[in-house]
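Coordinate analysis (summary)
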Amino acid sequence: MPEKDRSDFAVMNRMIDHIRLLIAVDDEAIPVKKKLEAQAILKDFQAMLAEAPENQERGRIKGYYEILCHDLGDEADVAALLSSLKNYIPYL
């Protein structure tokens, strides 16, 4: 079995993927419209974070992060993962 990539970037990406999965499978607390909006924001958020640090649009990334926290902050597992992202994205 190949060794799992443990770089900060890889861990951050797995966390975002996990957030996307949690949103997708929560049929009770998260309305469909909010799921679709959050998934689109997460896709853009993840793509912007994939840019080289010097090319990242920090203002937009921080704005997306704040939207996600506001919209999904009531979901404990999602909120915990979002909070943990601050360890990998220092300007949040």
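Keep in mind it's a predicted model, so treat the numbers as computed, not measured.

Attention now goes to the packing of helix H1 (residues 8–25) against helix H2 (residues 32–49). As a packed pair, H1 and H2 sit with axes 10 Å apart at the nearest point and diverge in direction by 170°. Here H2 runs roughly antiparallel to H1, going by the angle between their axes. Residue-level contacts link Phe9, Met12, Asn13, Ile16, Asp17, Ile19, Arg20, Ile23 and Ala24 of H1 to Lys35, Ala38, Gln39, Leu42, Lys43, Phe45, Gln46 and Leu49 of H2.

A separate point is helix H4 (residues 76–85). Restricting attention to buried positions, one finds in H4 the residues Val78, Leu81, Leu82 and Leu85. Looking straight down H4, one finds that the buried residues subtend no more than 100° of arc, so they occupy a single side. Next to the buried residues of H4 lie H1, H2 and helix H3 (58–72).

Here we take up the nonpolar core. Within soluble globular proteins, side chains that are nonpolar generally end up buried alongside one another. Counting 26 residues, the largest nonpolar core has Ile19, Ile23, Phe45, Leu49, Leu85 and Ile89 as its most contacted members. Counting residues per element, the ones that place at least two in this core are H1, H2, H3 and H4. Element by element, the count of residues in this core is highest for H1, at seven residues. Contact partners of Ile23, with chain neighbours within four places excluded, come to Ile30, Lys35, Ala38, Gln39, Leu42, Leu72 and Val78.

Rules behind the numbers
Residues numbered from 1 in each chain as written. Predicted model: local features only at pLDDT ≥ 70, side-chain atom pairs only at ≥ 80, totals over all residues. Heavy atoms only, no water. Axes fitted to C-alpha atoms, helices over the stretch in contact; angles between N-to-C directions. Helix = DSSP H or I, 4+ residues; strand = E, 2+ residues; numbered from the N terminus. Parallel < 35°, antiparallel > 145°, perpendicular 65-115°, else oblique. Contact = heavy atoms within 4.5 Å. Buried < 20%, exposed > 50% of the residue type's maximum accessible area, 1.4 Å probe, protein only. Arc of directions from axis to C-beta. Core = buried A, V, L, I, M, F, W, Y, C linked by side-chain atoms within 4.5 Å.

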